[in-house]
Amino acid sequence: MVNPFEITTETAWCPGCGNFAIIQALQQALGRTGRLPHQVLLVSGIGQAAKLPQYINCNYFNGLHGRTLPAATAAKASNHELTVVVTTGDGDCYGEGGNHLIHTIRRNPDITLFVHNNQIYGLTKGQASPTSDPGMRTKLQTRGVTNESLNPLALAIALDISFVARGFAGDVAHLAELMYQAIAHRGFALVDILQPCVSFNKLNTFAWYRERVYRLEETDYDPTDRAAAFRKAQEWGDRIPIGVVFRQERLVFEDNQPALRRGPLAHQKTAAMADVSAVLDSFC
Ligand SMILES: Cc1ncc(C[n+]2csc(CCOP(=O)(O)OP(=O)(O)O)c2C)c(N)n1
Ligand code: SF4
């Protein structure tokens, strides 16, 4: 059967980039939801990862660097019949947009966030990102990265996120399943995706990950145990877990807004615009 989300188009990505596996997995996951392209909105910012919505068949909004989550939250509030998915990079989301990530986890809108985590700034040709491993040498950090890296899973669990998982671009079937679960989950869902950048990250390569990743589903791990999830989130080195790390039900942002209880704002009848000139005059 033809997948309605697939389109044939040239991309600006380097041959061998992990983004190709991510788009393939996303097309599969969206296809499985049974939703149609006009019922899906992809939101992105700036970067190689952020170009993904241009290569898939559905609505998309491409905004400012790091500002994807507020735009996605607003879109979902305006029309919460839409399936809203954010595709972003580790620089875009954990660096420039870090503040928005924190507050979006607190709000818990029913949107899904896929972070292409290549541990580097790809578009701007290889500066360290918040998730670069300490010691990694780049063209800018010539003596090695000196800052501690940000741990997105531990951050998300500390903030009591509703759903958080880690995927790997070298395991498309597993990634598509995680993406499907994240989209189906009601509440804010983050999937951090290990995405080798073959041009600028010479440390975290496909081979490096293949030696280390293992699937959590193949162990007796319980993703509903928050304390265990916090410990699991800190496993990084010889063994790197992929799979659902933590999930729970939480009150969803749209359900908690009186104005949204009558349905999506986009479908609500609004009163004729009142004359607000007296109010405006009072500010002059
Ligand atoms: C406000 C602002 N700051 C910096 C930049 C320059 N810039 C563009 S993309 C980018 C990094 C993107 O990295 P990441 O989000 O990890 O995406 P990737 O290209 O690796 O997929 C930066 C710093 C910008 N466009 N706007
Ligand atoms: S620079 Fe890296 S992230 Fe960007 S397209 Fe090339 S391989 Fe992919």
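Above this note sits the structure.
Everything numeric in this text was worked out from a predicted model, so none of it was measured. Every chain is numbered on its own, with residues counted from 1 as its sequence reads. Whichever chain is written first becomes A and whichever ligand is written first becomes 1, with later ones labelled in order. The predicted nature of this model means local features are confined to residues of pLDDT at least 70 and side-chain atom pairs, given and counted, to a pLDDT of 80 or more, with totals for whole chains, interfaces and linings taken over all residues. For side-chain calculations, the full set of non-hydrogen atoms in the structure is used, while hydrogens and water are omitted.

Engineer: Give me the environment of leucine 30: which residues, what numbers.
Structural biologist: Labels follow the DSSP assignment, with helices taken as runs of H or I lasting at least four residues and strands as runs of E lasting at least two, numbered in each case from the N terminus. Checked against the element boundaries, leucine 30 lands in helix α1 (residues 19–33). Using a 1.4 Å probe on the protein chains alone, a residue whose accessible area is under 20% of its type maximum counts as buried, one over 50% counts as exposed, and one in between counts as partly exposed. A relative accessible area of 0% places leucine 30 in the buried class. For leucine 30 and glutamate 6, which are 24 residues apart along the polypeptide, the C-alpha to C-alpha distance reads 10.0 Å. Should any heavy atoms of two residues lie within 4.5 Å, those residues are considered in contact. Setting aside chain neighbours within four positions, we find leucine 30 in contact with Phe5, Arg35, Val40, Ile56 and Ile183.

Engineer: Hey, could you go over the site of ligand 1 for me, with residue numbers and the actual values?
Structural biologist: Near residues are defined by distance, with any heavy atom within 4 Å of the molecule or strand qualifying the residue. Near ligand 1 you find 16 residues, and of these Gln48, Gly91, Asp92, Gly122 and Leu123 are the closest. Aspartate 92 has a polar backbone atom sitting 2.6 Å from an oxygen atom of ligand 1. The Shrake-Rupley method, run with a 1.4 Å probe sphere, supplies the accessible areas, and residue values consider only the shown protein chains as cover. Calculation on ligand 1 without its partners gives an accessible area of 600 Å², and the protein chains cover 73% of this total. It is helix α3 (residues 90–96) that provides the largest number of residues to the shell around ligand 1, a total of four residues. Side-chain classes follow a simple rule in which Ala, Val, Leu, Ile, Met, Phe, Trp, Tyr, Cys and Pro form the nonpolar group, Asp, Glu, Lys and Arg form the charged group, and the remainder, Gly included, forms the polar group. Classifying every residue of the shell around ligand 1 gives five nonpolar, eight polar and three charged. Whenever two N or O atoms come within 3.5 Å, that pair is a polar contact, provided that in protein one can donate a hydrogen and the other can accept it, and provided that, for residues adjacent in sequence, both atoms are side-chain atoms.

Engineer: Can you lay out the site of ligand 2 for me, pointing to particular residues and giving the numbers?
Structural biologist: Every residue lining ligand 2 is accounted for by Trp13, Cys14, Cys17, Gln48, Asn118, Gly122, Gln195, Cys197, Val198, Ser199 and Phe200. Here the shell around ligand 2 is built from residues that sort into six nonpolar, five polar and no charged.

Engineer: Can you lay out unusual backbone geometry for me, pointing to particular residues and giving the numbers?
Structural biologist: The backbone of asparagine 108 shows a phi angle near 60 degrees, a positive value even though the residue is not glycine. In this fold, asparagine 108 is placed in the loop between α4 (98–107) and β4 (112–117). Residue classification places asparagine 108 among the buried positions, given a relative accessible area of 0%. At aspartate 160, a position not held by glycine, the phi torsion is positive, near 65 degrees. Looking at the secondary structure, you find aspartate 160 in the loop between α5 (152–158) and β5 (163–168).

Engineer: Kindly report on the packing of helix α2 (residues 68–78) against α4, identifying the contributing residues and their values.
Structural biologist: Where α2 meets α4, the closest approach of the two axes is 8 Å, and the angle between their N-to-C directions is 35 degrees. Here Leu69, Pro70 and Thr73 of α2 come into contact with α4, specifically with His100, Leu101 and Thr104. The residue inventory of the contact of α2 with α4, partitioned by class, reads three nonpolar, three polar and no charged. Axes, fitted as lines to C-alpha atoms, cover a helix only where it is in contact. Angles between the N-to-C directions of the axes lie from 0 to 180 degrees.

Engineer: Just give me the short version of the pattern of salt bridges, but keep the residues and values in it.
Structural biologist: Salt bridges are defined by distance alone: a side-chain nitrogen of Lys or Arg within 4 Å of a carboxyl oxygen of Asp or Glu. Taken as a whole and assessed by the stated rule, the structure comprises eight salt bridges. Of the charged contacts in the structure, one is a salt bridge between aspartate 160 and arginine 226, with a shortest N-O distance of 3.2 Å. Highlighted residues: aspartate 160 in the loop between α5 and β5 and arginine 226 in helix α8 (residues 226–233), separated in sequence by 66 residues. Residue classification places arginine 226 among the partly exposed residues on the basis of a relative accessible area of 35%. Across the pair arginine 212 and glutamate 211 runs a salt bridge, and its minimum N-O distance is 3.6 Å. Given a relative accessible area of 16%, arginine 212 falls into the buried group.

Engineer: Before we move on, could you go through the sheet that holds β4 and cite the residues and values that matter?
Structural biologist: Strands pair, by our definition, only if DSSP identifies at least two bridges between them. Strand order in this open sheet of eight strands is β2-β1-β3-β4-β6-β5-β8-β7, and the pairing throughout is mixed. Single-partner strands in this sheet number two, and they are β2 (59–62) and β7 (213–215). Sheet twist, expressed as the average angle between the axes of neighbouring strands with direction ignored, equals 25 degrees.

Engineer: Provide a residue-level description of α2, including the pertinent values.
Structural biologist: What α2 keeps buried is the set Thr68, Leu69, Ala72, Thr73, Ala75, Lys76 and Ala77. Where α2 is buried, its residues meet β1 (40–44), β3 (83–89), α3, α4 and β4.

Engineer: Requested: an account of the pairing of β1, with residues and values cited.
Structural biologist: With five of its five residues buried, β1 lies for the most part within the structure. Burial of β1 is two-sided: the residues Val40, Leu42 and Ser44 facing one way and the residues Leu41 and Val43 facing the other way are all buried. Bridge count for β1 against β2 is four bridges, and the pairing is parallel. Paired with valine 43 across the two strands is phenylalanine 61, which belongs to β2.

Engineer: Break down the packing of aromatic side chains for me, with residues and values.
Structural biologist: Any two rings among Phe, Tyr and Trp, with Trp reduced to its six-membered ring, count as a pair given centres within 6.5 Å; such a pair is stacked if its planes are under 30 degrees apart, edge-to-face if over 60, and tilted if neither. Applying the stated criterion to the full structure yields seven aromatic pairs. Plain terms: the ring middles of tryptophan 13 and phenylalanine 20 are 5.4 Å apart, the flat faces sit at 85 degrees to each other, and that makes the pair edge-to-face. By relative accessible area, which is 6% here, tryptophan 13 ends up buried. For phenylalanine 20, a relative accessible area of 31% gives the class partly exposed. Geometrically, the ring pair formed by tryptophan 208 and tyrosine 209 is edge-to-face, given 5.1 Å between the ring centres and 85 degrees between the ring planes. Grouping residues by exposure puts tryptophan 208 and tyrosine 209 together as buried. One aromatic cluster is present, built from ring pairs that chain together Phe168, Phe206, Trp208, Tyr209 and Trp236. Whether a charge sits over a ring depends on NZ of Lys or CZ of Arg being within 6 Å of the ring centre and within 35 degrees of the ring normal. In this structure, arginine 32 packs its charged tip against the face of tyrosine 180, placed 4.0 Å from the ring centre. A cation over a ring is seen here: arginine 239 above tyrosine 214, with NZ or CZ 3.9 Å from the ring centre.

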